[in-house]
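Below are the chains, spelled out letter by letter.
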Amino acid sequence: EIIFQLQEIFNLLPDQDSEELVRSFAMETNDMMLALYLGGMLRSTVALHNLINNKIKNKKAKEGKGEDGKKAKGEEKKDEDGKDEKDDGKGDDKDKKSKGKEKEKDK
(Lines give C-alpha, C1' and ligand atoms only; values in the text may rest on other atoms or scores of the structure.)
Protein backbone atom coordinates (compact mmCIF):
# COMPACT_ATOMS: atom_id res chain seq x y z
CA GLU A 1 0.00 0.00 0.00
CA ILE A 2 2.88 2.42 0.78
CA ILE A 3 4.47 1.75 -2.61
CA PHE A 4 1.11 2.41 -4.25
CA GLN A 5 0.85 5.78 -2.46
CA LEU A 6 4.38 6.73 -3.54
CA GLN A 7 3.56 5.81 -7.12
CA GLU A 8 0.45 8.03 -6.94
CA ILE A 9 2.53 10.95 -5.62
CA PHE A 10 5.08 10.60 -8.41
CA ASN A 11 2.30 10.31 -11.01
CA LEU A 12 0.82 13.61 -9.82
CA LEU A 13 4.10 15.48 -10.40
CA PRO A 14 4.10 17.65 -13.53
CA ASP A 15 5.84 16.54 -16.70
CA GLN A 16 9.36 17.99 -16.58
CA ASP A 17 9.82 17.87 -20.33
CA SER A 18 7.17 20.53 -20.83
CA GLU A 19 8.58 23.77 -22.32
CA GLU A 20 6.12 25.84 -20.27
CA LEU A 21 7.26 24.23 -17.00
CA VAL A 22 10.94 24.75 -17.81
CA ARG A 23 10.34 28.42 -18.67
CA SER A 24 8.30 28.88 -15.50
CA PHE A 25 11.01 27.39 -13.27
CA ALA A 26 13.70 29.44 -15.01
CA MET A 27 11.72 32.66 -14.52
CA GLU A 28 11.05 31.84 -10.86
CA THR A 29 14.73 31.06 -10.28
CA ASN A 30 15.84 34.26 -12.02
CA ASP A 31 13.46 36.32 -9.89
CA MET A 32 14.79 34.75 -6.70
CA MET A 33 18.39 35.29 -7.74
CA LEU A 34 17.66 38.94 -8.58
CA ALA A 35 16.08 39.45 -5.16
CA LEU A 36 19.10 37.85 -3.46
CA TYR A 37 21.52 39.98 -5.50
CA LEU A 38 19.69 43.22 -4.75
CA GLY A 39 19.45 42.30 -1.06
CA GLY A 40 23.18 41.64 -0.95
CA MET A 41 23.98 44.89 -2.71
CA LEU A 42 21.73 46.85 -0.35
CA ARG A 43 23.22 45.16 2.68
CA SER A 44 26.80 45.87 1.58
CA THR A 45 25.93 49.49 0.74
CA VAL A 46 24.46 50.04 4.20
CA ALA A 47 27.49 48.35 5.81
CA LEU A 48 29.85 50.58 3.81
CA HIS A 49 27.85 53.67 4.79
CA ASN A 50 28.05 52.69 8.46
CA LEU A 51 31.78 52.07 8.13
CA ILE A 52 32.34 55.53 6.66
CA ASN A 53 30.23 57.16 9.39
CA ASN A 54 32.18 55.24 12.02
CA LYS A 55 35.52 56.36 10.56
CA ILE A 56 34.37 60.00 10.54
CA LYS A 57 33.14 59.71 14.12
CA ASN A 58 36.42 58.14 15.28
CA LYS A 59 38.44 60.81 13.47
CA LYS A 60 36.46 63.59 15.15
CA ALA A 61 36.85 61.91 18.53
CA LYS A 62 40.60 61.56 17.98
CA GLU A 63 40.89 65.23 16.98
CA GLY A 64 38.88 66.20 20.05
CA LYS A 65 41.24 64.24 22.30
CA GLY A 66 44.22 65.88 20.62
CA GLU A 67 42.80 69.34 21.26
CA ASP A 68 42.07 68.47 24.91
CA GLY A 69 45.68 67.34 25.32
CA LYS A 70 46.96 70.61 23.91
CA LYS A 71 44.71 72.61 26.22
CA ALA A 72 45.95 70.71 29.24
CA LYS A 73 49.56 71.45 28.31
CA GLY A 74 48.82 75.12 27.72
CA GLU A 75 50.17 75.07 24.17
CA GLU A 76 47.02 76.41 22.59
CA LYS A 77 44.58 78.99 23.87
CA LYS A 78 41.29 79.49 22.13
CA ASP A 79 39.80 82.91 21.82
CA GLU A 80 36.50 82.89 23.73
CA ASP A 81 35.33 86.00 21.90
CA GLY A 82 35.54 84.10 18.62
CA LYS A 83 33.25 81.43 20.00
CA ASP A 84 30.80 84.01 21.25
CA GLU A 85 30.77 85.73 17.87
CA LYS A 86 29.94 82.47 16.13
CA ASP A 87 27.15 81.69 18.58
CA ASP A 88 25.86 85.26 18.38
CA GLY A 89 26.00 85.11 14.60
CA LYS A 90 23.71 82.11 14.57
CA GLY A 91 21.33 83.76 17.00
CA ASP A 92 21.39 87.07 15.09
CA ASP A 93 19.95 85.44 11.98
CA LYS A 94 17.03 84.13 13.97
CA ASP A 95 16.62 87.44 15.76
CA LYS A 96 16.65 89.36 12.47
CA LYS A 97 13.96 87.11 11.05
CA SER A 98 11.78 87.47 14.13
CA LYS A 99 12.29 91.28 14.15
CA GLY A 100 11.35 91.40 10.46
CA LYS A 101 8.13 89.52 11.22
CA GLU A 102 7.35 91.85 14.10
CA LYS A 103 7.77 94.88 11.82
CA GLU A 104 5.41 93.34 9.27
CA LYS A 105 2.83 92.76 12.00
CA ASP A 106 3.12 96.39 13.13
CA LYS A 107 2.30 97.62 9.59
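The model shown is predicted, which means the values in this text are computed figures rather than measured ones.

In terms of regular secondary structure, the protein chain is built from three helices and zero strands. When the helices and strands of the protein chain are placed in sequence order, the string is α-α-α. A buried classification covers 1% of the 107 residues belonging to the protein chain. As displayed, the protein chain offers around 10800 Å² of accessible surface, 55% of which is attributable to carbon and sulfur atoms.

Glancing now at the confidence of the model for the protein chain. Overall, the predicted model of the protein chain reaches an average pLDDT of 77, with 64% of residues at or above 70. Ranking the helices and strands of the protein chain by mean pLDDT puts helix H1 (residues 2–12) first, with 92, and helix H3 (residues 80–106) last, with 48. Note that pLDDT drops below 50 for residues 78–90; the model gives that stretch three contacts with residues more than four away or on any other chain.

Another aspect to go through is a nonpolar patch on the surface. Nonpolar side chains collect at one region of the surface, where Ile2, Leu6, Ile9, Phe10 and Leu13 lie side by side and expose about 550 Å² of accessible area between them. The topology assignment puts Phe10 in helix H1. Here Phe10 falls in the exposed class, since its relative accessible area comes to 57%.

Rules used in this analysis
- By convention here, each chain's residues receive numbers from 1 onward along its written sequence.
- With pLDDT at 70 or above as the cut-off, local features in this predicted model cover only qualifying residues; side-chain atom pairs require 80 or more to be listed or tallied, and sums for whole chains, interfaces and linings still use all residues.
- To get the side-chain values, take all heavy atoms of the structure and skip hydrogens and water.
- Put simply, DSSP H or I for four residues or longer makes a helix, DSSP E for two residues or longer makes a strand, and each gets a number counted from the N terminus.
- Only protein chains enter the calculation, and the probe is 1.4 Å; a residue is then buried if its accessible area is under 20% of its type maximum, exposed if over 50%, and partly exposed in between.
- For accessible areas, the Shrake-Rupley method is used with a probe of radius 1.4 Å. Any residue's cover is judged against the shown protein chains and nothing else.
- pLDDT: the predictor's confidence for each residue, scored from 0 to 100.
- Whether two residues are in contact is decided by their heavy atoms: any pair within 4.5 Å suffices.
- Two distance rules govern patches: like charges are joined within 9 Å, and nonpolar side chains (Val, Leu, Ile, Met, Phe, Trp, Tyr) within 5 Å, applied only to residues with over 30% relative accessible area and no salt bridge.
- Only one rule defines a salt bridge in this text: a Lys or Arg side-chain nitrogen within 4 Å of an Asp or Glu carboxyl oxygen.

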